[in-house]
Amino acid sequence: DMTLPSSSRICLGKSAILKCLPELEFNPFCDRLLYIFSYNKITNPGTLNFYNYIDLLHFLSTRTATSLKLFHSFSIFDTDNDGEISGPDLFECVERLCNYMMTQQESMKIVEYVCQEADRDNEGTISFLEYESILTTCSDFVQSFSIRFA
């Protein structure tokens, strides 16, 4: 009979995580990050056990492989969790990034432009492969999803 160490049963909520990682407090995708790394997405979204917390720290490290950053960052922008980034997903992301300060029409123009550039197969959504092919050309991609730890 194999039981998990007690550290796997200790869970941290958002306020405890923000005390440890205050850099996340003003991140417009803080709730998405916590959801993605959640211990139980159904009953306790945003709650991390010790191992989830270590996974989050690893993702935020500047030393993390680009492939892992791509995988998790795609999940951040896939706000409805359906495996692709749709127009509504992009709209929510633009709204968050601009702190809801733009008109809906301005946000929609940005969404339309991003879709034109990224949706290479014209299916109306951005697949992981399309996302990957665009972001691997961005020189500051890894830094954009990193926190420098002392």
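Here, every reference points to the structure presented above.
Owing to the predicted nature of the structure, the values given are computational and were not obtained by experimental measurement. Positions within a chain are numbered from 1, following the residues in the order the chain's sequence is written. In view of the model being predicted, local features appear only for residues whose pLDDT reaches at least 70, and side-chain atom pairs are presented and counted only at 80 or more, with totals across whole chains, interfaces and linings using the full set of residues. Excluding hydrogens and water, the side-chain values take into account all heavy atoms of the structure.

1. Overview of helix α3 (residues 50–60)
We count it as follows: Throughout this description, buried means an accessible area under 20% of the type-specific maximum (1.4 Å probe, protein chains only), exposed means over 50%, and partly exposed covers the range between. Strands are runs of DSSP state E lasting at least two residues, helices are runs of H or I lasting at least four, and both sets are numbered from the N terminus onward. By definition, the arc is the one covered by directions from the helix axis to the C-beta atoms. Contacts between residues were defined by any pair of non-hydrogen atoms, one from each residue, lying within 4.5 Å. Polar contacts, as counted here, are pairs of nitrogen or oxygen atoms within 3.5 Å of one another; within protein the pair requires one atom able to donate a hydrogen and one able to accept it, and residues that are adjacent in sequence qualify only if both atoms are side-chain atoms.
Among the residues of α3, those classed as buried are N52, Y53, L56, F59 and L60. Buried residues of α3 fall within an arc of 120° about the axis and therefore sit on the same side. Buried residues in α3 make contact with β1 (11–12), α1 (14–20), α2 (30–36), β2 (48–49) and α4 (66–77). The N-cap of α3, judged by a side-chain oxygen 3.0 Å from the amide nitrogen of Y51 a few residues on, is N49.

2. Structural notes on the packing of α3 against α4
Short version of the rule: Axis lines are fitted through C-alpha atoms, for helices just across the contact stretch, and the angle between N-to-C directions can take any value from 0 to 180 degrees. Note that the term roughly parallel is reserved for angles under 35 degrees, roughly antiparallel for angles over 145, roughly perpendicular for angles of 65 to 115, and oblique for everything else. Classes in brief: Ala, Val, Leu, Ile, Met, Phe, Trp, Tyr, Cys and Pro nonpolar; Asp, Glu, Lys and Arg charged; the others, Gly included, polar.
Across the interface, α3 lies against α4 with an axial gap of 10 Å and an inter-helix angle of 110°. When the axes of α3 and α4 are compared, the pair comes out roughly perpendicular. Two secondary-structure elements touch here, α3 through H58, F59 and L60 and α4 through L68, K69, H72, S73 and I76. Looking at the contact of α3 with α4 residue by residue, the class counts come to four nonpolar, three polar and one charged.

3. Re a nonpolar patch on the surface
Just so we agree on the cut-off: Here the term patch refers to residues with relative accessible area over 30% and no salt bridge, with like charges joined within 9 Å and nonpolar side chains (Val, Leu, Ile, Met, Phe, Trp, Tyr) within 5 Å. In short, Shrake-Rupley with a 1.4 Å probe defines the accessible areas, and a residue's cover is counted only from the protein chains shown. Each reported salt bridge corresponds to a side-chain nitrogen of Lys or Arg within 4 Å of a carboxyl oxygen of Asp or Glu.
Together, F50, Y51 and I54 give the surface a local cluster of nonpolar side chains, amounting to about 260 Å² of exposed area. Assignment of secondary structure puts I54 in helix α3. By relative accessible area, which is 38% here, I54 ends up partly exposed.

4. Remarks on the layout of surface pockets
Here is the rule: Cavity: a set of points on a 1 Å grid over the protein atoms alone where a 1.4 Å probe fits but cannot get out. Pocket: an open set with protein on both sides within 12 Å along at least five of seven lines, its lining residues, like those of a cavity, having an atom within 4 Å of a point. Grid points are joined across faces, edges and corners, and a volume is the space filled by probe spheres set on the points.
What the largest pocket holds in volume is close to 650 Å³. If you trace the largest pocket, you find 28 residues lining it, with F77, L97, Y131, L135 and F145 closest to the centre. Secondary-structure elements contributing two or more residues to the lining of the largest pocket are α3, α4, α5 (87–97), α6 (104–118), α7 (128–135) and α8 (141–144). The dominant element in the lining of the largest pocket, judged by the number of residues it contributes, is α5, at four residues. Its residues assigned to classes, the lining of the largest pocket shows 23 nonpolar, three polar and two charged.

5. As for α6
Quick note on the threshold: For a helix, the expected span equals 1.5 Å multiplied by the number of residues minus one.
Between its first and last C-alpha, α6 extends 21 Å over 15 residues, near the 21 Å set by a 1.5 Å rise per residue. Along its buried surface, α6 packs onto α5, β4 (125–126) and α7.

6. Considerations on the packing of aromatic side chains
Convention followed: Note on aromatic contacts: the rings of Phe and Tyr and the six-membered ring of Trp form a pair at centre separations within 6.5 Å, being stacked when their planes are under 30 degrees apart, edge-to-face when over 60 apart, and tilted otherwise. The rule for a charge over a ring is simple: NZ of Lys or CZ of Arg within 6 Å of the ring centre, and within 35 degrees of the ring normal.
Per the stated rule, a full pass over the model turns up nine aromatic pairs. Measuring from centroid to centroid gives 5.5 Å for F50 and Y51, while their planes differ by 75°, and the two rings are edge-to-face. Judged by centre distance (5.5 Å) and plane angle (85°), the rings of F74 and F128 are edge-to-face. Note that F74 is positioned in helix α4 and F128 in helix α7, a separation of 54 residues in sequence. We classify F74 as buried; its relative accessible area is 6%. You can call F128 partly exposed: its relative accessible area is 27%. One aromatic cluster in this structure is built from F29, F37, F59, F74, F77, F128, Y131, F141 and F145. Against the face of Y35 rests K41, its NZ or CZ located 5.8 Å from the ring centre.

None of this, on its own, says anything about what the molecule does.
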